[in-house]
Amino acid sequence: MKVEQKGHTTIIKDTVGQTADFLMKVTHEHNTYKNSNLILDLTHDKNLSLEDVKSFAELIKLHKKQKKSIVLVADSVNFNAVPKNIILVPTLLEAHDIIEMEEIERDLGF
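My aim in this report is to walk through the structure given alongside it, one point at a time. (Residues numbered from 1 in each chain as written. Predicted model: local features only at pLDDT ≥ 70, side-chain atom pairs only at ≥ 80, totals over all residues. Heavy atoms only, no water.)

**As for the sheet that holds strand S1 (residues 2–6)**
Part 1 of the reasoning: Judged by pairing direction, the sheet is mixed, and its 5 strands sit side by side in the order S1-S2-S3-S4-S5 without closing on themselves. Each edge of the open sheet is held by one strand with a lone partner, namely S1 and strand S5 (88–89).
Part 2 of the reasoning: Relative to strand S4 (residues 70–73), strand S3 (residues 37–41) runs parallel, the two sharing 4 bridges. Its bridge partner being in S4, Asp41 is matched across the sheet by Val73.
Part 3 of the reasoning: The strands touched by helix H4 (residues 57–64) within the sheet are S3 and S4, with S4 carrying the most contacts at an inclination of about 150°.
Part 4 of the reasoning: Against the sheet, helix H5 (residues 92–108) makes contact with S1, strand S2 (9–13), S3, S4 and S5, and its axis sits at roughly 160° relative to S3, the strand it touches most. (Pairing = 2+ DSSP bridges. Helix = DSSP H or I, 4+ residues; strand = E, 2+ residues; numbered from the N terminus. Contact = heavy atoms within 4.5 Å. Axes fitted to C-alpha atoms, helices over the stretch in contact; angles between N-to-C directions.)

This is the structure:
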């Protein structure tokens, strides 16, 4: 697991490719990251399934209660099948853009 801080955003990269272990680590350390926007980079796991993505739902719900954004990055999943409450994008650049848009929405009171 590699952690990188950029402004108000923390990027956490799965370097092993074991999504369940990565989710457990991030959930366990959530208090460390709860005050920043999160990008969870899952691109290292080429066998990522829709069920793996759905397993992040509880963490996403927990993080959004803090009024912060959380975006998953993966390029090996059918984006149309992902539930609406999970934001999944194919690149880190798009993840940063989503977070920036959500920050603007929160600032405007939406």
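**Some words on the environment of Asn37**
Part 1 of the reasoning: Structurally, Asn37 is set in strand S3.
Part 2 of the reasoning: Since its relative accessible area comes to 1%, Asn37 is described here as buried.
Part 3 of the reasoning: Taking the C-alpha atoms as reference, Asn37 lies 11 Å from Ile12; in sequence the two are 25 residues apart.
Part 4 of the reasoning: Not counting the four nearest positions on each side in its chain, Asn37 is found in contact with His8, Thr9, Thr10, His63, Lys68, Ser69, Ile99, Glu103 and Arg106.
Part 5 of the reasoning: A distance of 2.9 Å separates polar atoms of two side chains, one belonging to Asn37 and the other to Glu103. (Buried < 20%, exposed > 50% of the residue type's maximum accessible area, 1.4 Å probe, protein only. Polar contact = N/O pair within 3.5 Å; in protein donor to acceptor, adjacent residues only side chain to side chain.)

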